[in-house]
Amino acid sequence: MTSDPASTVVATREITFGQAVREALAEEMRRDPTVFIIGEDVAEAGTPFKVLSGLVEEFGPARVIDSPISEAGITGLAVGAAMAGMRPVVDIMFGDFITLAMDQIANQAAKVHYMSGGKLKVPMVVRTTLGATRRSAAQHSQSLQAWVSHVPGLKVALPSTPFDAKGLWKTAIRDDNPVVIFEDKLMYPLKGPVPEGEYAIPFVTIVATSSMVQVALRAAEMLSPLGISAEVVDPRTTVPLDARALVDSARKTSRVMVMDEGYERYGVTAELAAVIAEGAFHYLDAPVKRLGAMHVPVPFSPVLEDLTVPTPERVVEVAKTLCGKR
Amino acid sequence: MNRDQYLTMYAQMYRIRVFEEHVNELYTSGKMPGLAHLYIGEEAVAVGVCQALRPDDYITSTHRGHGHCLAKGASADRMFAELLGKAPGYCSGKGGSMHIADQERGNLGANAIVAGSTGIAAGAAFAAKRARSDRVAVCFFGEGGLGQGILYEVMNMAALWTLPVIFVCENNLYNEYTPYAETTAGDLLARPRAFGIVAEETDGQDVRAVHAAAGRAVARARRGEGPAFLLCQTYRFLGHHVGDVNRGYYRTKDEEQRWRAERDPLQILMTWLIAERIATSEECARVGEQVRAEVAAGLQFALAAAYPDPSEVDTHVYA
Ligand SMILES: Cc1ncc(C[n+]2csc(CCOP(=O)(O)OP(=O)(O)O)c2C)c(N)n1
């Protein structure tokens, strides 16, 4: 097992945050003809920050649409197009301008699925910016992510690296919910490693006890560059058991692994897996995986002994399997 | 238009009238939670327009949306259930009167934000055009919506991109409790025309006139010739909502009585059908009875229906 798992998966190269956003959009637009971008100066201009430049050349003005200066109107149009089967991306030039589209975001997009009893869906992405220190003063510098995060029905993404930007963008476009993505304007030139080709950011829960928590945390660090974001949950006590915490995390990530240094068979991992299956079965994308001690007496020889207990490398392998990454 | 089509229109208008009478009764007897904005008096608009549509065409609707929903083909039982917050309601009881939606018949939903669905209708039209279908979208809104900026943003884009969307403005003369003339400047039709949108005014009490005008607009849109605007002059016979009982401070009893006596859309169609010997008054009465029985059965269904399971409260927040 290599100590640099990233190198075992795919080749990566350094690109900027802005390039990562553009790549994600381009790949998704190639993959899915229902994806389109609408916004002010998004086509030939490629936005004031040039993040989208080149897209109109590849996809044409019918899919990269220069709109009137009508934030509410374009957001509303996107909501309707999404309800009718498309996957729009609405570009709101500055985060400050989401105020003009707020009714369409908070009262329309966020509410449609719930109010229709689950019959209608709004798979759309609102792309906008946040952040100060560009000397742009009070109406071009706000960070309004809290406003939309407050509204049930919306998802909100705040990518921090080129890697995250690309992965979160692809995940957002494929999501069936309205997602608002905030990009800090200062991050566009930021460079970082991004894998070549396809990836979206999946999530996984690792439930671990005692010393396995350290193993899980180490594994989570190794998983991050592979594009897998892990949430480590430590129940602290097995009796009483905080079942709620386990189930909540499982419902959030849809993929769960359970670790304990005791034997798997009839073990703590079995009980924890059962609790999660009971509470989150319909939310799971894959069966709960268990990782415990091998069903053997502990051997003396170090080469053998080390095989019997979970290691960060094995956790990484199991997490990759859970996320469909082999 | 043949006899059956006219009788269908009559039945649809009658269905809305009776449905709303029941809603009034449910509300005043304390059986219905929330608010109810009744469509009585305006039936010819929804029916005239929706009879010009196909089942797969889209509509968006307003807080006064029961008529649109029925006219687009929804059934009374599941609508009553929704209004009562019951499980078999069109939105599982989660939407209620002002948010009723019926996506199987293209109804993308009522909307409690004035002009809030203008963008949605244009977006559905945009998607229809992109899918190279000839579906159209109708956006119903009250004349109060003329005060909202998004309408102009959307009309601009609809004209610019020749979207198959038809804006149907139901001018019932009042923005809630204020005469529209006090809030609305200039010639209403000049507004869509400024965008190059074909605009036409029609008698919203005459279902045949509405249907003919809607038919022209829909045909243009299907041919790919872009949006249209229909100004339907109409009147709501009752209050802005069921609780709006003392209306003397904004309109006279005399005015209300004149509209009811002379401009009732059901009467207007029935009188014409009889005069033209298309149907007899007995035939019309029979249609009325059938509809009454069906709507009453729908109400019984809804009253007997179960409320949603409490576990439903946090489902469908996310897809
Ligand atoms: C954006 C917004 N502002 C105010 C209201 C409150 N309100 C509800 S109905 C209404 C009047 C609407 O008048 P109109 O659009 O003509 O429709 P009508 O009720 O006459 O059918 C108002 C002001 C609202 N629902 N939405």
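Residues numbered from 1 in each chain as written. Chains lettered and ligands numbered in written order. Predicted model: local features only at pLDDT ≥ 70, side-chain atom pairs only at ≥ 80, totals over all residues. Heavy atoms only, no water.

As named in an unreviewed UniProt entry, chain B is Thiamine pyrophosphate-dependent dehydrogenase E1 component subunit alpha, taken from Candidatus Segetimicrobium genomatis. Under the heading Cofactor (unreviewed entry), UniProt records this for chain B: "thiamine diphosphate". (UniProt positions renumbered as here; feature names shortened; annotations may be inferred.)

By the naming in an unreviewed UniProt entry, chain A is Alpha-ketoacid dehydrogenase subunit beta, taken from Candidatus Segetimicrobium genomatis. What UniProt states about chain A under its Cofactor (unreviewed entry) heading is, verbatim, "thiamine diphosphate".

Thoughts on the site of the ligand
Residue and element names in this part refer to chain B. Close contacts around the ligand come from 15 residues, with His63, Arg64, Ala112, Gly144 and Asn172 the closest. In this structure, histidine 63 approaches the ligand through a side-chain N or O atom, which is 2.7 Å from an oxygen atom. A breakdown of the residues in the shell around the ligand according to their chemical character gives four nonpolar, eight polar and three charged. (Near = heavy atom within 4 Å. Polar contact = N/O pair within 3.5 Å; in protein donor to acceptor, adjacent residues only side chain to side chain. Nonpolar A, V, L, I, M, F, W, Y, C, P; charged D, E, K, R; others polar.)

Notes on the sheet that holds strand β1 (residues 58-60) of chain B
Residue and element names in this part refer to chain B. Here five strands make up an open sheet; going across it, the order is β1-β2-β3-β7-β6 and the pairing parallel. Because the sheet does not close on itself, it has two edges, and the strands there are β1 and β6 (198-203). Strand-to-strand twist of the sheet, defined as the mean angle between neighbouring strand axes without regard to direction, takes the value 20 degrees. As judged from the three bridges shared by β1 and strand β2 (residues 137-142), these two strands associate in the parallel manner. Within the sheet, the bridge partner assigned to tyrosine 58 lies in β2 and is alanine 137. Helix α2 (residues 43-50) contacts β1, β2, β3 (165-171) and β7 (228-233) of the sheet and is inclined by roughly 170 degrees relative to β2. Across the sheet, helix α6 (residues 149-160) is in contact with β2, β3 and β7; its angle to β3 comes to roughly 145 degrees. (Pairing = 2+ DSSP bridges. Helix = DSSP H or I, 4+ residues; strand = E, 2+ residues; numbered from the N terminus. Axes fitted to C-alpha atoms, helices over the stretch in contact; angles between N-to-C directions. Contact = heavy atoms within 4.5 Å.)

Focus on the interface of chain B and chain A
Between chain B and chain A, the residue contacts involve 38 residues of the former and 41 residues of the latter. When chain B packs against chain A, the two sides together hide about 3,000 Å² of surface, and 66% of this comes from carbon and sulfur. Three residues stand out in chain B for area buried against chain A, namely His316, Tyr318 and Ala319 of chain B, and they jointly supply 18% of the buried area on that side. Inspection of the chain B/chain A interface yields zero salt bridges. Within the residue set of the side of chain B that touches chain A, elements represented by two or more residues are α5 (118-130) and α6 of chain B. Sort the elements by how many residues they give to the side of chain B that touches chain A and α5 of chain B lands first, with eight residues. Taken together, the residues that form the side of chain B that touches chain A break down as 21 nonpolar, eleven polar and six charged. (Buried area = accessible area lost by both parts, 1.4 Å probe. Salt bridge = Lys/Arg side-chain N within 4 Å of Asp/Glu carboxyl O.)

Here we look at the pattern of salt bridges
Residues and elements named next belong to chain A. Applying the stated rule across the entire model yields 37 salt bridges over all chains. Between lysine 166 and glutamate 23 there is a salt bridge whose closest N-O contact spans 2.8 Å. In this pair, lysine 166 sits in helix α7 (residues 162-174) while glutamate 23 sits in helix α2 (residues 17-31), placing the two residues 143 residues apart along the sequence. Judged by relative accessible area, lysine 166 falls into the buried class, the value being 0%. Overall, the relative accessible area of 22% leaves glutamate 23 in the partly exposed class. Salt bridges sharing partners connect three or more residues here, namely Arg13, Glu23, Glu27, Glu28, Arg31, Lys166, Lys170, Arg174 and Glu196. (Buried < 20%, exposed > 50% of the residue type's maximum accessible area, 1.4 Å probe, protein only.)

Quick look at helix α12 (residues 312-322) of chain A
Among all positions in α12 of chain A, only Pro312, Val315, Val316, Val318, Ala319, Lys320 and Leu322 of chain A are buried. A positive backbone phi angle near 70 degrees is found at glycine 324 of chain A, which sits one or two residues after α12 of chain A.

A closer look at unusual backbone geometry
For residues other than glycine, phi is negative in most cases, and the peptide bonds are mostly trans. Residue and element names in this part refer to chain A. In this structure, proline 240 follows valine 239 across a cis peptide bond, with omega equal to -5 degrees. Tracing the sequence through the fold places proline 240 in the loop between β10 (229-233) and α9 (243-253). Not every positive phi belongs to a glycine, and arginine 236 is a case in point at roughly 65 degrees. Judged by relative accessible area, which is 76%, arginine 236 ranks as exposed.

As for the UniProt feature "domain: Dehydrogenase E1 component" (unreviewed entry) in chain B
UniProt records the feature "domain: Dehydrogenase E1 component" (unreviewed entry) at residues 12-310 of chain B, using the numbering of this structure. From the first C-alpha to the last, residues 12-310 of chain B spans 35 Å; its make-up is 43% helix and 11% strand.

Here's the deal with the packing of aromatic side chains
All names here are of chain B. Considering all chains together, one arrives at 16 aromatic pairs over all chains under this definition. Taken together, a centroid distance of 5.9 Å and an interplanar angle of 45 degrees make the contact between tyrosine 10 and tyrosine 14 tilted. Taken together, the residues span about one helical turn, with tyrosine 10 and tyrosine 14 both in helix α1 (residues 3-28) at a distance of four residues. Under the relative-accessibility criterion, tyrosine 10 is labelled buried at 5%. Aromatic side chains tyrosine 249 and tyrosine 250 sit 5.1 Å apart centroid to centroid with 75 degrees between the ring planes, which places their arrangement in the edge-to-face category. We classify tyrosine 250 as buried; its relative accessible area is 8%. Chaining the aromatic ring pairs together yields one cluster made of Tyr174, Tyr177, Tyr235, Phe237, Tyr249, Tyr250 and Trp259. In this structure, lysine 86 is placed above the aromatic ring of tyrosine 307, and the distance from its NZ or CZ to the ring centre is 4.8 Å. The side chain of arginine 208 reaches across the aromatic face of tryptophan 272, ending 3.6 Å from its centre. (Phe/Tyr/Trp six-rings, centres within 6.5 Å; stacked < 30°, edge-to-face > 60°. Lys NZ or Arg CZ within 6 Å of the ring centre and 35° of its normal.)

Thoughts on the packing of α1 of chain B against α2 of chain B
Axis angle and axis distance: for two packed helices, these are the angle between their axes and the distance between the axes, and together they describe the pair. Residues and elements named next belong to chain B. For the pair α1 and α2, the least separation of the axes is 9 Å and the interaxial angle reads 140 degrees. Between α1 and α2, the crossing angle belongs to the class labelled oblique. α1 and α2 meet at a crossing whose hand is right-handed. In this structure, α1 uses Met9, Gln12, Met13, Ile16 and Arg17 to contact α2, whose residues at the interface are Glu43, Ala44 and Val47. Residue composition of the contact of α1 with α2, grouped by class: five nonpolar, one polar and two charged. (Parallel < 35°, antiparallel > 145°, perpendicular 65-115°, else oblique. Left-handed = near helix turned anticlockwise from the far one by under 90°.)

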